[in-house]
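Understanding the architecture of this molecule
Listed below are the residues making up each chain.
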Amino acid sequence: MLPQPAASLAPASHAIAPTTVLRGSGAWSEAIPRIQTLGHRPALLGRSQATAGLRQRLADDLTASGLRLSLETLNDDCCDLDLQRLELRLRACAADSLIAAGGGKVLDAGKWLADRLQLPCITVPLSAATCAGWTALANIYSPDGAFLRDQALSRCPDLLVFDHDLVRLAPQRTLASGVADALAKWYEASVSSDDSQDGLIQQAVQMARVLRDQLLIDAREAFRDPHSDAWIRVAEASALTAGVIGGLGGAQCRTVAAHAIHNGLTQLQACHNSLHGEKVGFGILVQLRLEEKLGSNRLAEQARRQLLPLLKDLGLPVSLADLGLAKVGFQALRQACQFACRQDSDLHRLPFPVSETELLEALISADALPEPCSAASASSVSVGGNGKLRRSGT
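Everything numeric in this text was worked out from a predicted model, so none of it was measured.

Below, the discussion takes up the overall build of the protein. What the protein contains, in helices and strands, is 13 helices and 10 strands. On C-alpha atoms alone, the protein measures out to a radius of gyration of 22 Å, which is about the 21 Å that the 2.2 N^0.38 rule sets for 394 residues. In terms of principal-axis extent, the alpha carbons of the protein reach across some 70 × 65 × 40 Å. Among the 394 residues that make up the protein, the fraction classed as buried is 55%. Across the protein, contacts joining residues at least 24 apart in sequence account for 73% of those joining residues at least 6 apart. By element, 50% of the accessible surface of the protein is carried by carbon and sulfur atoms, the whole surface being about 17400 Å². In the protein, the 38 positive side-chain charges and the 41 negative ones have mean positions that sit 3 Å from each other.

Here you go:
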């Protein structure tokens, strides 16, 4: 009988990374021979009309290589009804591999379908807006775009193709969204994994810190010059490195309040024009506000001071008004807070309890900062029992 160690971890399974990652200029052309080895009848999944022409170019390349291609379209957000429809279509056309080309919801849908049908999965991000091309995870939404749940998948994609030439064609707004989503890795993982004794998690948290620093240094230059080395570092940090951290650290290095707030905001129709990372970036500010007010964490205020100028420079929302929610009533905002505070929410990974009212106050005051020389905040906000907004200070 083997001796038992003094301390040990329970067995853990990690889906850490895609089997192969091709990155750089011209990566798509390099990927075609690899795609040929994964199947002869691939399905190409996409969604946005804005990328329809680009997807047709990809389809033409695949057809010219001798592959028998079927073209499939995601009609809604990554939702159960649409996934079921696509599953039936893929079975009917006998697809033997799946290529998902697009943004986060297309990539998640492709991964889910490939996992469900046990097909080789190829992800081709057409922006750097999220790390969805990397992960063994899919976010499932309602047909109206409201977040429902995370779905863990059995494996990461077999091939990820991150072609800089394709990603550069995306609007700059998508890169800003990716920066915000990637920044959340540090602000969430450093809270959720603060007391972890697991070495992999500790190391993933430190990777998240380095990732944050890289983005703080390079993001502005990346936006000024999309052909710079800074752009490459920022785009790959957002779409690739952020996925490494989640894969290595697992669920404990993924989401806390920032993503929970995103999930709550998706319940509001008025917020559906905002990108995933735009809501997550605002969620970082709200999380820091909660840490500041409820956790008595003075460093959280300093972090907001550091983060706000960058988010503003990148055109990211830092207030409810920026998200298009200026005219949304308290009833709707409470609905978002109720969802974010539901029992199984990642919000509760914070080291202190948060009520719906406390979260609502933080939502309203996410961009508020006290005067540096004054102990009183000019934007101290509270919500009274009648649901009316109260402000104290000058």
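Here we come to the environment of Leu320. Tracing the chain through its elements places Leu320 in the loop between helix 11 (298-313) and helix 12 (330-340). The spacing of Leu320 and Leu166 is 154 residues in sequence and 32 Å in space, taken between C-alpha atoms. Ignoring sequence-local partners within four residues, the contact set of Leu320 consists of Phe282, Leu325, Ala326, Leu333, Leu363 and Ile364.

Taken as a whole, this structure holds 2 aromatic pairs when the rule is applied. Both rings, one in Phe147 and one in Phe339, keep their centres 6.4 Å apart while their planes meet at 85°; by these two values the pair is edge-to-face. With Phe147 in strand 7 (residues 147-152) and Phe339 in helix 12, the pair connects residues that are 192 residues apart, well separated along the chain. Overall, Phe147 belongs to the buried group, its relative accessible area being 2%. By the ring-pair criterion, three or more aromatic residues cluster together here, those being Tyr141, Phe147 and Phe339. A cation sits over an aromatic face here: Lys105 above Tyr141, 4.7 Å from the ring centre.

This next bit is on the pairing of strand 4 (residues 97-102). Among the 6 residues that make up strand 4, 6 are buried, leaving the element largely enclosed by the rest of the structure. Burial along strand 4 is two-sided: the face carrying Ser97, Ile99 and Ala101 and the face carrying Leu98, Ala100 and Gly102 are both buried. The pairing of strand 2 (residues 42-46) with strand 4 spans 4 bridges and is classified as parallel. By the bridge assignment, Leu44 is partnered in strand 4 with Ile99.

For the rest of this paragraph, the subject is the packing of helix 9 (residues 257-265) against helix 10 (residues 276-294). Two elements in contact, helix 9 and helix 10, have axes separated by 7 Å at closest approach and are oriented at 125°. Considered as vectors, helix 9 and helix 10 are oriented oblique to each other. The way helix 9 lies across helix 10 gives a crossing that is right-handed. In this structure, helix 9 uses Ala257, Ala258, His259, Ile261, His262 and Leu265 to contact helix 10, whose residues at the interface are His276, Lys279, Val280, Phe282, Gly283, Ile284, Val286 and Gln287.

Attention now goes to the nonpolar core. With 80 residues, the main nonpolar core has Leu183, Val286, Leu290, Leu307, Leu350 and Leu359 as its most contacted residues. Here this core gets 11 residues from one element, more than from any other, and that element is helix 6 (residues 172-192). With residues near it in sequence (within four places) discarded, Leu307 still touches Leu183, Tyr187, Leu216, Ile284, Leu285 and Leu288. Listed in part, the 25 residues of the second largest apolar core include Ala43, Cys78, Ala109 and Ala136.

What follows covers the environment of Arg254. One can find Arg254 in the loop between helix 8 (229-249) and helix 9. Excluding residues that lie within four positions of it along the chain, Arg254 makes contacts with Leu137, Glu188, Gly246 and His259.

Bringing helix 2 (residues 52-64) into the picture now. Count 3.6 residues to each turn of an α-helix, and residues three or four apart come out pointing the same way. Across its 13 residues, helix 2 extends 18 Å between first and last C-alpha, which sits within 8% of the 18 Å expected from 1.5 Å per residue. Listed in full, the buried residues belonging to helix 2 are Leu54, Arg55, Leu58, Ala59 and Leu62. Buried positions in helix 2, seen along its axis, are confined to an arc of 145° and lie on one side of it. Exposed residues on helix 2 whose side chains face more than 90 degrees from its buried face are Arg57 and Ala64. Next to the buried residues of helix 2 lie helix 1 (27-38), strand 2, strand 3 (70-73), strand 4, strand 5 (121-125) and helix 5 (164-167).

Before going further, it helps to examine the confidence of the model for the protein. Of the residues in the protein, 91% have a pLDDT of 70 or more, and the chain-wide mean is 91. Between residues 373-394, whose pLDDT stays under 50, and residues either more than four places distant or in other chains, the model counts 39 contacts.

The 6 strands lie next to each other as 1-8-5-4-2-3, forming an open sheet whose pairing is parallel. Either end of the sheet is taken by a strand with one partner, and the two such strands are strand 1 (20-24) and strand 3. Neighbouring strand axes in the sheet, compared pairwise and without regard to direction, differ in orientation by 15° on average. The strands touched by helix 1 are strand 1, strand 4, strand 5 and strand 8 (159-163); relative to strand 8, the strand with the most contacts, the crossing angle is about 165°. Packing against the sheet, helix 2 makes contact with strand 2, strand 3, strand 4 and strand 5, and its axis sits at approximately 170° to strand 2.

Rules behind the numbers
- Residues numbered from 1 in each chain as written.
- Predicted model: local features only at pLDDT ≥ 70, side-chain atom pairs only at ≥ 80, totals over all residues.
- Heavy atoms only, no water.
- Helix = DSSP H or I, 4+ residues; strand = E, 2+ residues; numbered from the N terminus.
- Rg over C-alpha atoms; globule rule 2.2 N^0.38 Å.
- Buried < 20%, exposed > 50% of the residue type's maximum accessible area, 1.4 Å probe, protein only.
- Contact = heavy atoms within 4.5 Å.
- Areas by Shrake-Rupley, 256 points an atom, 1.4 Å probe, with all protein chains shown as cover.
- Lys, Arg positive; Asp, Glu negative; His and termini not counted.
- Charge placed at Lys NZ, Arg CZ, Asp CG, Glu CD.
- Phe/Tyr/Trp six-rings, centres within 6.5 Å; stacked < 30°, edge-to-face > 60°.
- Lys NZ or Arg CZ within 6 Å of the ring centre and 35° of its normal.
- Pairing = 2+ DSSP bridges.
- Axes fitted to C-alpha atoms, helices over the stretch in contact; angles between N-to-C directions.
- Parallel < 35°, antiparallel > 145°, perpendicular 65-115°, else oblique.
- Left-handed = near helix turned anticlockwise from the far one by under 90°.
- Core = buried A, V, L, I, M, F, W, Y, C linked by side-chain atoms within 4.5 Å.
- Expected span 1.5 Å × (residues − 1).
- Arc of directions from axis to C-beta.
- pLDDT = per-residue confidence, 0-100.

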